[in-house]
Amino acid sequence: MDRLSRGTALNGNIRVFCCRTTKLVQEAVTRHNCLPTAAAALGRTLSVGCIMGTMLKDKKEKIEIQIDGKGPLGMMVVDAYHDGTVRGFVTNPYVEVYKEEDPQKLDVGKAVGTDGVLRVIKDMSMKRPFVSEVPLQTGEIGDDFAYYYMKSEQTPSAVSVGVMVDKDYSIKAAGALVIQMMPSATERDIQIVEEIVANLKPVSQIIDEMKDPAEIVKAIFDDYQELACQELSFKCECNKGKFAIVLSRLPKEDLQEMIDEDHGCEVICKFCNTKYHYDEGTLQGFVNAQIAHEKQQREAAGKA
Ligand SMILES: [Zn+2]
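In this text the structure is predicted, and so the values were computed from the model without any measurement.

Participant: Can you help me understand helix α10 (residues 280–303) in this one?
Facilitator: Because each turn of an α-helix spans 3.6 residues, side chains separated by three or four positions in sequence point in the same direction. For α10, with 24 residues, the first-to-last C-alpha span of 35 Å sits near the 34 Å given by 1.5 Å per residue. Within the sequence span of α10, burial applies to L283, F286, V287 and Q290. Buried residues along α10 sit in contact with α8 (240–248), α9 (252–262), β11 (264–268) and β12 (275–279).

Participant: Explanation requested: the pairing of β11 in the structure shown.
Facilitator: Along any regular strand, the residues point their side chains to alternate faces of the sheet. Looking at chain direction, β11 and β12 are connected through five bridges and run antiparallel. In the strand pairing of β12, G264 is matched with D279.

Participant: Help me understand the packing of aromatic side chains in this model?
Facilitator: Within a pair of aromatic rings, the relevant descriptors are the distance that separates the centres and the angle that separates the planes. Inspection of every chain in the model, using the stated rule, returns three aromatic pairs. Summarising the aromatic geometry, the rings of Y148 and Y149 are spaced 5.8 Å apart at their centres and angled 65 degrees between planes, so their arrangement reads as edge-to-face. Pair check on accessibility: Y148 and Y149 agree, each one buried. Each ring, one from F243 and one from Y276, has its centre 5.6 Å from the other, and the planes form 40 degrees; the classification is tilted. With F243 in helix α8 and Y276 in strand β12, the pair connects residues that are 33 residues apart, well separated along the chain. Like Y276, F243 is buried.

Participant: Any chance you could explain unusual backbone geometry here in plain terms?
Facilitator: Glycine aside, a negative phi is what most residues show, and trans is what most peptide bonds show. Within the chain, N33 stands out as a residue other than glycine whose phi angle is a positive 50 degrees. By the element assignment, N33 lies in the loop between α1 (22–32) and α2 (36–55). In this model, N273 sits at a positive phi of 65 degrees, which is unusual for a non-glycine residue. Judged by relative accessible area, which is 31%, N273 ranks as partly exposed.

Participant: Is there a simple way to explain the coordination of the zinc ion in this structure?
Facilitator: Around a metal, the perfect tetrahedron of four donors has angles of 109.5 degrees, and the perfect octahedron of six donors has angles of 90 or 180 degrees. At this site the zinc ion is bound by C236 (SG), C238 (SG), C269 (SG) and C272 (SG), with donor distances of 2.2 to 2.3 Å. With four donor atoms in place around the zinc ion and angles of 102 to 113 degrees between them, the coordination shape is tetrahedral. Sequence spacing of the donor residues for the zinc ion, all on one chain, is C-x1-C-x30-C-x2-C. On the criterion of sequence distance, the pair formed by C238 in the loop between β10 (225–234) and α8 and C269 in the loop between β11 and β12 is long-range, its members being 31 residues apart. Judged on exposure class, the residue C238 and its partner C269 are both buried.

Participant: Please explain the pattern of salt bridges as it appears in this structure.
Facilitator: Where charged atoms of side chains with opposite charge meet at close range, the side chains can pair. One pass over the structure, following the stated rule, counts 15 salt bridges. Residue R87 pairs with D79 through a salt bridge whose shortest N-O separation is 3.0 Å. Overall, the relative accessible area of 13% leaves R87 in the buried class. K172 serves as the salt-bridge partner of D208, at 3.1 Å between the closest nitrogen and oxygen. Of the two residues, D208 sits in helix α6 (residues 203–210) while K172 sits in strand β9 (residues 171–181), which places them 36 residues apart along the sequence. Among the ionic contacts, a cluster of salt bridges with common partners joins R44, K99, D107 and E140.

Participant: How should I be thinking about the packing of α1 against α2 in this particular structure?
Facilitator: In a pair of packed helices, the angle between the axes and the distance between the axes together describe the arrangement. For the pair α1 and α2, the least separation of the axes is 10 Å and the interaxial angle reads 135 degrees. The angle between the axes of α1 and α2 places the two elements in the oblique class. For the element pair α1 and α2, the recorded crossing hand is right-handed. Side by side, α1 and α2 meet where L24, V25, A28, V29 and H32 of the first sit next to A39, L42, G43, L46, S47 and C50 of the second. Taken together, the residues that form the contact of α1 with α2 break down as eight nonpolar, three polar and no charged.

Participant: How should I be thinking about the sheet that holds β10 in this particular structure?
Facilitator: Hydrogen bonds between backbone atoms are what pair the strands of a sheet, whose relative direction is either parallel or antiparallel. In space, the 10 strands of this open sheet follow the order β7-β6-β3-β4-β5-β10-β1-β2-β9-β8, with mixed pairing throughout. Two strands lie at the open edges of the sheet, namely β7 (130–135) and β8 (157–165), each paired on one side alone. Here the average twist between neighbouring strands, direction ignored, is 15 degrees. Where strand β3 (residues 62–68) and strand β4 (residues 75–81) come together, seven bridges link them in antiparallel fashion. In the sheet register, I63 faces β4, and the bridge partner there is A80. Taken strand by strand, α1 contacts β1 (2–9), β2 (14–20), β5 (85–90), β8, β9 and β10, and its axis lies near 125 degrees from that of β9.

Participant: I would appreciate a short explanation of α6 in the present structure.
Facilitator: Among the residues of α6, those classed as buried are V203, S204, I206 and I207. Buried positions in α6, seen along its axis, are confined to an arc of 160 degrees and lie on one side of it. Where α6 is buried, its residues touch β2, α1, β8, β9 and α7 (213–220). Note on α6: the residue one or two positions beyond its end, K211, has a positive phi of about 65 degrees.

Reading the values: rules and limits
Residues numbered from 1 in each chain as written. Predicted model: local features only at pLDDT ≥ 70, side-chain atom pairs only at ≥ 80, totals over all residues. Heavy atoms only, no water. Helix = DSSP H or I, 4+ residues; strand = E, 2+ residues; numbered from the N terminus. Expected span 1.5 Å × (residues − 1). Buried < 20%, exposed > 50% of the residue type's maximum accessible area, 1.4 Å probe, protein only. Contact = heavy atoms within 4.5 Å. Pairing = 2+ DSSP bridges. Phe/Tyr/Trp six-rings, centres within 6.5 Å; stacked < 30°, edge-to-face > 60°. Donors = N, O, S within 2.8 Å, 3.2 Å for Na, K, Ca; no water. Tetrahedral: all angles 85-135°; square planar, octahedral: opposite > 155°, others 65-115°. Salt bridge = Lys/Arg side-chain N within 4 Å of Asp/Glu carboxyl O. Axes fitted to C-alpha atoms, helices over the stretch in contact; angles between N-to-C directions. Parallel < 35°, antiparallel > 145°, perpendicular 65-115°, else oblique. Left-handed = near helix turned anticlockwise from the far one by under 90°. Nonpolar A, V, L, I, M, F, W, Y, C, P; charged D, E, K, R; others polar. Arc of directions from axis to C-beta.

Laid out in structure tokens, this is it:
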């Protein structure tokens, strides 16, 4: 099971979040048939998404992350929830970009692009959503979120995120480590964190070697105090009924066209790639309901 550990260290002067997301990244990659570069980009965003989701205070809240750097990957969207579940997609999963100087290495920054923004939408159920965006820095995801935390939340943060893709394109390890300075942090604390981060192995390698997020943080900070531990997973709450409601509201002329030409229709959920099929009879039912509703309204207007 994927999990996240969060807590404090350096006498409570820093907050630390560490997550292992290998399984959920694998699930997203399998669902969307991502090639390695897209897998790394989407996997990194899902991993930071998990951390942002668990930072939410209320279980009804939701975070949506949108990254659109005008690179070949197109747009990435990740939804993260308070309960540790995430879902997401990338518009062009069949993208392969390798670094020019090292053709073995995936070039996530180039695939994502930097001509655009990282947008975070906090959906706080009843209240108006809170939208915040920053220009993309490198498209490597970790740097972009570090910049976001600094600019949007005024919280100096170190963000290390990684996805290790195996030779057979399966996900060997994935995860993220976020270290945030509390207002009480001293110059010395900042220095310690900077040194640690500068000498840290890639986070995907650490996760591949150690697996347990709490143990990883304890190995980095002796005085780590875990405050909470949470399970993480990929989950999309779409279902046939939800898409049926959307379909039933389409103009009846469009529905009629689907009946006449295709004898039904297929809807694909962007987030999880699940296909739902609706037969002719179902669509005819939506058309009939609209006709009946219009007739009712005409009659009501006639009486008035
Ligand atoms: Zn779905």
